[in-house]
Amino acid sequence: MFDSTTLEDVRPAAANPQTQPRRALIKSFGCQMNVYDSQRMADLTALDGYGEAAGVDDADLVILNTCHIRERASEKIYSELGKLRELKEERLKAGRRTTLVVAGCLAQAEGGEILRRQAAVDVVVGPQSYHHLPELLRKAEVRSGVIDTEFPVEDKFAHLPPSPLEATARRGVAAFVTVQEGCDKFCSFCIVPYTRGAEASRPVGAVIDEIGRLARAGVREVTLIGQNVNAYHGLDRDRQATRLAGLIAAAAAVNGIRRVRYATSHPNDMDEQLIAAHRNIGALAPYLHLPIQSGSDRVLASMNRRHRVRDYHDIVAQIRAARSDIALSSDFIVGYPGETEADFGATLELVRAVGYASSFSFKFSARPGTSAAEMGEQIDDTVKVRRLATLQALLEDQRQAFNAGCIGRRFEVLFEKPGRHEGQVVGRSPYMQAVHAEGPLSLIGALAEVEIAGIGPNSLWGRIVSPAS
Ligand code: SAM
Ligand code: SF4
């Protein structure tokens, strides 16, 4: 809810009594959507006259863009807020005011509870209303405890200023673009439908205009993101609904864009066109994050995933038929309520059958308000810890095997930044691995073919074998 003072009631921003220029620090927790939202908030605060703070010590405004997906993520924020309260008091003694904002999914889920638990917080703003941030900050100048966790009917994106070219250029050659938000699937364990709201897609034109601006600022790779990105159904300029495959084709056609990715996808929304896009669109990277969560049909049904293990195998087979070199990744949850040793064994079996290049795996965390949190047969933490360790060991073996299989292969690397050693540059392979190579800094922003010569624990290294393009 937007709090009761109307925006007109609020006095215009009082001249800042502090003589030094104001600085803002935005700390992003959780998913790629939050990284994107943090950048858009940074654009807003820059327009409001804030420079970038180097750290909390010199920040007049601190925004924590929070995550609520698992209990640990939320607890981390409260401990961070405790430290910030002390810092705020210290700075006040030195005559400097610090405004503390909690944004993101924890803000949406807990709203006023955050102010009760930590009175030092000035503003609580949800992920669908952060375009109101400048007004909320002005309100916070006259009184603390301002809350906006509305799901406004207006399109947030239409109210956000375009990112300035210089800020975009500083952020690098690969960028996220949110194209879809929210979720209507209500998996039993997941808080997203409650924190991000109903599923909504941005119009094609708005997304493509944004990608065009990114390309003009030097971005060469875009990842189209959404909580459930392949449910995308944005309207085109003729007001026709466009599925994700159409949006990928349009993004790939933007002048300057060399590579397109998308995340995160639900197996049930992998439609024929999207699978065909992996065959037909050269710029679409051969890497797909397709979470299954569990290899047990019984658990999948209880999770409300609405597909079986067999359906997932069918989709994987179709994708591999369309693009034989595709690398797969997934999310897994262990210790879901009622998960037996046999269910867990089925997850291990699925992992062995599919083979993943990378993955994310978590212990089930009961989220207040979700149906799984209320279920009986909650699994003991020691069992969760053991299952997670077993699963992660298998997934890590697969990741290392995938990386080892890259030795001797040649593929295009998009160089993103200087390496740690002089004369070295680092980029990303089509399969999302970090790749180091000897080469000039002028390679940054270019694609070059690299022959992979070796692997480290978290990256590959190789030799550039073609001129950059
Ligand atoms: N939309 C994606 C899908 O359908 O798979 C997932 C998006 S969700 C934000 C990211 C991941 O967090 C999920 O795939 C799941 O593995 C994990 N996750 C979500 N809720 C969780 C919970 N309550 N406990 C543990 N992990 C959870
Ligand atoms: Fe959460 Fe993904 Fe399920 Fe939606 S589809 S409820 S985002 S896990």
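Look up: the structure comes first, before these words.
Quick caveat: nothing in here was measured; it's all calculated off a predicted structure.

Chemist: What's the story with the overall build of the chain in this structure? I'm lost.
Modeler: From N to C terminus, the chain includes 14 helices and 21 strands. Taken along its principal axes, the extent of the C-alpha atoms in the chain is 60 × 60 × 50 Å. With 469 residues in all, the chain has 55% of them scored as buried. In the form shown here, the chain has an accessible surface area of approximately 20600 Å², with 52% of it arising from carbon and sulfur atoms.

Chemist: Looking at this structure, I do not really get the side chain of threonine 370. What am I missing?
Modeler: Relative to the assigned elements, threonine 370 resides in the loop between β16 (358-363) and α14 (381-404). Using a relative accessible area of 2% as the deciding quantity, one classes threonine 370 as buried. A polar contact is formed between the side chain of threonine 370 and the backbone oxygen of arginine 367, at a distance of 2.7 Å. For threonine 370, the contacting residues outside a window of four places in its chain are Ser188, Phe189, Cys190, Ile191 and Tyr194.

Chemist: In this structure, what is going on with the sheet that holds strand β18 (residues 424-428)? I would like to understand it.
Modeler: Consider a sheet: its strands pair through backbone hydrogen bonds, and that pairing is either parallel or antiparallel. Around the barrel, five strands lie side by side as β17-β18-β19-β21-β20; this closed barrel has mixed pairing. Neighbour to neighbour, the strand axes of the sheet diverge by 55° on average, direction disregarded. Taken together, the four bridges between strand β17 (residues 410-418) and β18 define a ladder with antiparallel strand orientation. Counted as the bridge partner of proline 418 is valine 425 from β18.

Chemist: Honestly, the packing of helix α9 (residues 244-252) against helix α10 (residues 272-280) in this entry has me stumped. Any pointers?
Modeler: Any two packed helices are characterised by how steeply their axes cross, that is the angle between the axes, and by the distance between the axes. Taken N-terminus to C-terminus, the directions of α9 and α10 make an angle of 30°; their axes are 8 Å apart at the nearest point. Comparing their axes, α10 and α9 come out roughly parallel. Of α10, the residues touching α9 (which contributes Leu244, Ala245 and Ile248) are Gln273, Leu274 and Ala277.

Chemist: It is not clear to me how the packing of aromatic side chains should be interpreted in this structure. Could you clarify?
Modeler: Here a ring pair, both rings aromatic, is described through the centre-centre distance and the interplanar angle of the planes. For the structure on display, the rule yields six aromatic pairs. Seen from their ring centres, phenylalanine 402 and tyrosine 431 are 5.5 Å apart, and the 85° between their planes marks the pair as edge-to-face. Here phenylalanine 402 is found in helix α14, whereas its partner tyrosine 431 is found in the loop between β18 and β19 (434-438), with 29 residues between them in sequence. Seen in terms of ring centroids, phenylalanine 411 and tyrosine 431 are 5.5 Å apart; in terms of plane orientation they differ by 85°. Their pairing is edge-to-face. Placement of the pair is phenylalanine 411 in strand β17 and tyrosine 431 in the loop between β18 and β19, with a sequence separation of 20 residues. In terms of burial, phenylalanine 411 and tyrosine 431 fall into one category: buried. The structure contains a cluster of three or more aromatic residues connected by ring pairs, namely Phe402, Phe411 and Tyr431. The side chain of arginine 70 reaches across the aromatic face of phenylalanine 362, ending 3.6 Å from its centre. Here arginine 202 stacks its cationic end above the ring of phenylalanine 157, 4.1 Å away from the centre of that ring.

Chemist: Please explain the site of ligand 2 as it appears in this structure.
Modeler: The environment of ligand 2 is made up of Cys183, Lys185, Phe186, Cys187, Phe189, Cys190, Val192, Pro193, Asn228, His266 and Arg305. Looking at the shell around ligand 2, its residues break down into seven nonpolar, two polar and two charged.

Chemist: When you look at the pairing of strand β1 (residues 23-28) in this model, what are you seeing that I'm missing?
Modeler: Where a strand is regular, its side chains alternate between the two sheet faces. Bridge count for β1 against strand β2 (residues 51-52) is two bridges, and the pairing is parallel. Of the residues in β2, the one forming a bridge with arginine 23 is glycine 51. Taking the sense of rotation as the criterion, the β-α-β connection linking β1, helix α1 (residues 32-47) and β2 turns out right-handed.

Conventions and cut-offs
Residues numbered from 1 in each chain as written. Chains lettered and ligands numbered in written order. Predicted model: local features only at pLDDT ≥ 70, side-chain atom pairs only at ≥ 80, totals over all residues. Heavy atoms only, no water. Helix = DSSP H or I, 4+ residues; strand = E, 2+ residues; numbered from the N terminus. Buried < 20%, exposed > 50% of the residue type's maximum accessible area, 1.4 Å probe, protein only. Areas by Shrake-Rupley, 256 points an atom, 1.4 Å probe, with all protein chains shown as cover. Polar contact = N/O pair within 3.5 Å; in protein donor to acceptor, adjacent residues only side chain to side chain. Contact = heavy atoms within 4.5 Å. Pairing = 2+ DSSP bridges. Axes fitted to C-alpha atoms, helices over the stretch in contact; angles between N-to-C directions. Parallel < 35°, antiparallel > 145°, perpendicular 65-115°, else oblique. Phe/Tyr/Trp six-rings, centres within 6.5 Å; stacked < 30°, edge-to-face > 60°. Lys NZ or Arg CZ within 6 Å of the ring centre and 35° of its normal. Near = heavy atom within 4 Å. Nonpolar A, V, L, I, M, F, W, Y, C, P; charged D, E, K, R; others polar. Right-handed = clockwise from strand over helix to strand, strands pointing away.

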